[in-house]
Amino acid sequence: MRMLLALVGIAALVLLAAMMLGFVKFDQTQTAQLPRLEGGQAPKFEADVAKVSVGTENKTVEVPKVEIQKPGEQR
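The sections below set out a description of the structure shown in this document. (Residues numbered from 1 in each chain as written. Predicted model: local features only at pLDDT ≥ 70, side-chain atom pairs only at ≥ 80, totals over all residues. Heavy atoms only, no water.)

1. Describing the pattern of salt bridges
Threshold: One speaks of a salt bridge when a side-chain nitrogen belonging to Lys or Arg is within 4 Å of a carboxyl oxygen belonging to Asp or Glu. Summary of the burial criterion: residues with accessible area below 20% of their type's maximum are buried, those above 50% are exposed, and those between are partly exposed, where the area comes from a 1.4 Å probe applied to protein chains only.
Taken as a whole and assessed by the stated rule, the structure comprises 1 salt bridge. The shortest N-O distance in the salt bridge between E57 and K59 comes to 3.7 Å. Neither residue differs from the other here; E57 and K59 are each classed as exposed.

2. Brief notes about helix α1 (residues 2-21)
Rules: Labels follow the DSSP assignment, with helices taken as runs of H or I lasting at least four residues and strands as runs of E lasting at least two, numbered in each case from the N terminus. Expected span of a helix, by definition, is 1.5 Å for each gap between consecutive residues, and there is one gap fewer than residues.
Between the first and last C-alpha of α1 there are 28 Å, a value that for 20 residues agrees with the 28 Å anticipated at 1.5 Å per step. Where burial is concerned, little of α1 is hidden: 1 out of the 20 residues are buried. A positive phi of about 90 degrees marks G22, the residue just after α1.

3. A few points about the environment of T31
Selection criterion: By definition, residues are in contact when any of their heavy atoms lie within 4.5 Å.
Residue placement: T31 occurs in the loop between β1 (24-30) and β2 (44-49). Residues T31 and E57 lie 26 residues apart in sequence; the distance between their C-alpha atoms is 47 Å. With sequence-adjacent residues up to four places away left out, T31 is seen in contact with Q41, A42 and P43.

Following this line, the structure appears as structure tokens:
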């Protein structure tokens, strides 16, 4: 249960950060109306979401060589 609440909290923080940075924008396109005798009207929203392109690229990277010497070992 705690894990589910933590995941919901993290998702809410990510959505809030995306809205603050301008990646997600919500606009209300239709207002809500209370029902009188029949029906009513739910509000409508339009979401403008940023497009993100992700790609891959192969590169050769030189990695430094690491040597470990235990105390008392001589070269």
